[in-house]
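# Residue-level structure breakdown
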Amino acid sequence: MPSARAYTATSATAPLTPGTLHRREVGPRDVLVDIAWVGICHSDIHTVRGEWGTAPYPLTVGHEIVGVVAEVGAEVTRHHVGDRVGVGCLVDSCRNCDHCRADQEQFCRKGAMETYGSKDRNGSITQGGYATRIVVDEHFVLRVPNGIPFETAAPLLCAGITTYSPLRRWNAGPGRRVAVVGLGGLGHLAVKLAHAMGAEVTVLSRTAGKRDDAGRLGARHFHATSDPETFDRLESTFDLIINTVSAEIDLNAYLSLLDLDGTLVNVGAPPHDLTVSLFTLLPNRRSFAGSLIGGLRETQEMLDFCAAHRVIPEVEIIAADQINDAWARVLDSDVRYRFVIDISTMTH
Ligand code: NAP
Ligand code: ZN
Ligand code: ZN
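Predicted model only: the values in this text are computed from it and were never measured. (Residues numbered from 1 in each chain as written. Chains lettered and ligands numbered in written order. Predicted model: local features only at pLDDT ≥ 70, side-chain atom pairs only at ≥ 80, totals over all residues. Heavy atoms only, no water.)

## Digging into the coordination of the zinc ion (ligand 3)
Ideal coordination angles are 109.5 degrees for a metal with four donors arranged tetrahedrally and 90 or 180 degrees for a metal with six donors arranged octahedrally. Defined as follows: Each metal's donors are the N, O and S atoms within 2.8 Å of it, or within 3.2 Å when it is Na, K or Ca, and because water is not part of the set, sites may look incomplete. For a four-donor site, all angles between 85 and 135 degrees give tetrahedral; for four or six donors, opposite pairs above 155 degrees with the remaining angles between 65 and 115 give square planar or octahedral; all remaining cases count as irregular.
Looking at the zinc ion (ligand 3), the protein donor atoms are Cys94 (SG), Cys97 (SG), Cys100 (SG) and Cys108 (SG), and they sit 2.3 to 2.4 Å from it. One can describe the site at the zinc ion (ligand 3) as tetrahedral: its 4 donor atoms subtend angles covering 103 to 120 degrees at the metal.

## A look at the packing of helix H4 (residues 159-169) against helix H10 (residues 296-309)
Defined as follows: A fitted line through C-alpha atoms serves as each axis, taken over the contacting stretch for helices, and the angle formed by two N-to-C directions is quoted from 0 to 180°. For the purposes of this entry, the term helix denotes a DSSP run of H or I that reaches at least four residues, the term strand denotes a run of E that reaches at least two, and both are numbered from the N terminus. Orientation is classified from the angle alone, with under 35 degrees giving roughly parallel, over 145 giving roughly antiparallel, 65 to 115 giving roughly perpendicular, and any other angle giving oblique. Residue contacts are defined here by distance: any two heavy atoms, one from each residue, within 4.5 Å place the two residues in contact. The nonpolar class holds Ala, Val, Leu, Ile, Met, Phe, Trp, Tyr, Cys and Pro. Asp, Glu, Lys and Arg form the charged class, and all remaining residues, Gly among them, are polar.
Where H4 contacts H10, the axes come no closer than 10 Å and their chain directions differ by 95 degrees. In terms of their interaxial angle, H4 and H10 are classed as roughly perpendicular. Across the interface between the two elements, Gly160, Ile161, Tyr164, Ser165 and Arg168 from H4 touch Glu298, Thr299, Glu301, Met302 and Phe305 from H10. Split into classes, the residues belonging to the contact of H4 with H10 amount to 4 nonpolar, 3 polar and 3 charged.

## Let's talk about the site of ligand 1
The criterion, for reference: Note on definitions. A residue lies near a molecule or strand when any single heavy atom of the residue is within 4 Å of it. Here a polar contact is taken to be a pair of N or O atoms separated by no more than 3.5 Å, where protein atoms must pair a possible hydrogen donor with a possible acceptor and residues adjacent in sequence count only if both atoms sit in side chains. Here the accessible surface of atoms and residues is derived via Shrake-Rupley with a 1.4 Å probe, and residues count as covered only by protein chains that are part of the display. For the domains described, the bounds stem from an automatic or database domain assignment.
Around ligand 1, the structure places 29 residues, and the nearest of them are His42, Leu183, Ser205, Lys210 and Arg338. Serine 43 has a polar side-chain atom sitting 2.8 Å from an oxygen atom of ligand 1. Out of a free accessible area of 930 Å², ligand 1 has 89% covered by protein chains. At the level of elements, helix H1 (42-48) and helix H5 (185-196) are the ones that each hand at least two residues to the shell around ligand 1. A class-by-class count of the residues in the shell around ligand 1 yields 13 nonpolar, 13 polar and 3 charged. When residues of the shell around ligand 1 are assigned to domains, at least three fall in each of domain 1 (3-158 + 313-345) and domain 2 (160-290).

## Some remarks on the packing of aromatic side chains
Condition: Two aromatic rings from Phe, Tyr or Trp, using only the six-membered ring of Trp, form a pair when their centres are within 6.5 Å; if the ring planes differ by under 30 degrees the pair is stacked, by over 60 it is edge-to-face, and anything between is tilted.
Overall, the coordinates contain 3 aromatic pairs when judged by the stated rule. Measuring from centroid to centroid gives 6.4 Å for tyrosine 130 and tryptophan 327, while their planes differ by 70 degrees, and the two rings are edge-to-face. Of this pair, tyrosine 130 sits in the loop between strand S7 (113-114) and strand S8 (133-137) while tryptophan 327 sits in helix H11 (residues 323-331), and the two are 197 residues apart along the sequence.

## What about the packing of H4 against H5?
Cut-off, in case you're wondering: Note: crossing handedness is left-handed where the near helix turns anticlockwise from the far helix by less than a right angle, and right-handed where it turns clockwise.
It is the contact of H4 with H5, at a shortest axis distance of 8 Å, that shows an interaxial angle of 45 degrees. When the interaxial angle is binned, H4 and H5 end up oblique. H5 is crossed by H4, and the crossing has right-handed handedness. Between H4 and H5, the contacting residues are Ala159, Gly160, Thr162, Thr163, Tyr164 and Leu167 on the first element and Gly185, Leu186, Leu189, Ala190, Leu193 and Ala194 on the second. When grouped by side-chain class, the residues that make up the contact of H4 with H5 number 8 nonpolar, 4 polar and no charged.

## As for a nonpolar patch on the surface
As a reminder of what qualifies: Patches were defined on residues exceeding 30% relative accessible area and lacking a salt bridge, with like-charge contacts within 9 Å and nonpolar side-chain contacts (Val, Leu, Ile, Met, Phe, Trp, Tyr) within 5 Å. We count a salt bridge whenever a side-chain nitrogen from Lys or Arg sits within 4 Å of a carboxyl oxygen from Asp or Glu.
On the surface, a nonpolar cluster with roughly 390 Å² of combined accessible area is contributed by Leu278, Phe279 and Leu282. Position of phenylalanine 279 relative to the elements: it lies in helix H9 (residues 278-281).

## Points about the domain arrangement of the chain
So the rule is basically this: Put simply, buried area is how much 1.4 Å-probe accessible surface two parts lose in total, over both of them, once they are put together.
Here the domain parsing of the chain yields domain 1 (3-158 + 313-345) and domain 2 (160-290). Look at where the C-alpha atoms of domain 1 and domain 2 centre, and you get two points 27 Å apart. Taken together, the 14 residues of domain 1 in the interface contact 19 residues of domain 2. For the domain 1 and domain 2 pair, buried surface summed over both sides reaches about 1400 Å², with 51% attributable to carbon and sulfur atoms. For domain 1, the biggest contributors to the area lost against domain 2 are Cys158, Glu314 and Tyr337; these three give 41% of the whole.

Following this line, the structure appears as structure tokens:
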């Protein structure tokens, strides 16, 4: 079996430590990827810290993966040795249910197989991308267009598709007023994408500290949510709000900012549940929705859109031995705006 060097969690509280793991043999439809860069998503931290339930340890996380094809199985047609490719949050699904057939593999009725922490075909637990190599079915491997600098591409595989999908579904575009709540990994890409789609973008961040960055990323307006007047001033002024916050917030305060027929789409996944008040939804016929990553076809569409519109993630590149420090900085919201691990530094 192919082996890989990796950084792995052994419990909810211990720092990640260097080690090795084994991938399944390259099957006829599998692609072996030499990983070059992997993004740090807040979901990696929620998972390992046990904030969404107990995780299966030892666990290697990471689902914003880009690398180069090193080997392909005999029946692989979509990818070739040497191609620049990406792997996101999904590595398999049934391919046969109505949702899979509609390119919504993330909602596979039999349960999609996630890049880490899922049961693999052989009964083992899938292991993610904080590692030097991965074996994935070709259907779940994306093409990374040349227009996207390789070291910046990884965050698109989760943060990019998670924000692109609801922006498209709820018609972000010219004449639409879109607010993004929380300017982190997902938030900064939501701003860039919504701006590239032609929407009028507002950032709602806790303090004024990210105001200049928001403007540079494409936001026309910025408001600090720590200022209580913000919520009075902005009542009933948005068509679409994307909440990317990783912690519990007062959703009703944000719902009250929706204008007629507006929708608040929640993509943040905090450890504890949030409450929606019906009496905030009734005025203006407001909607509240959730959204979960995106299917493979839409993920490829998003990558091609980013190349065409020069939507490039803002990344801070770190060496593998800085992962634990980077996690602490994500928890402090001290990230501008996605950490990306240089896998060539994983030399242990
Ligand atoms: P991140 O980089 O840490 O960004 C989260 C942002 O939320 C922070 O930058 C901060 O923005 C704001 N925030 C943090 N703590 C807060 C608090 N206590 N109160 C108010 N605002 C706070 O995280 P991320 O990687 O973008 O992920 C964001 C969330 O989305 C996570 O919960 C993650 O698990 C989830 N997620 C969901 C999906 C999906 O498919 N639905 C996919 C990927 C990730 P400001 O400093 O600007 O206030
Ligand atoms: Zn993620
Ligand atoms: Zn299915």
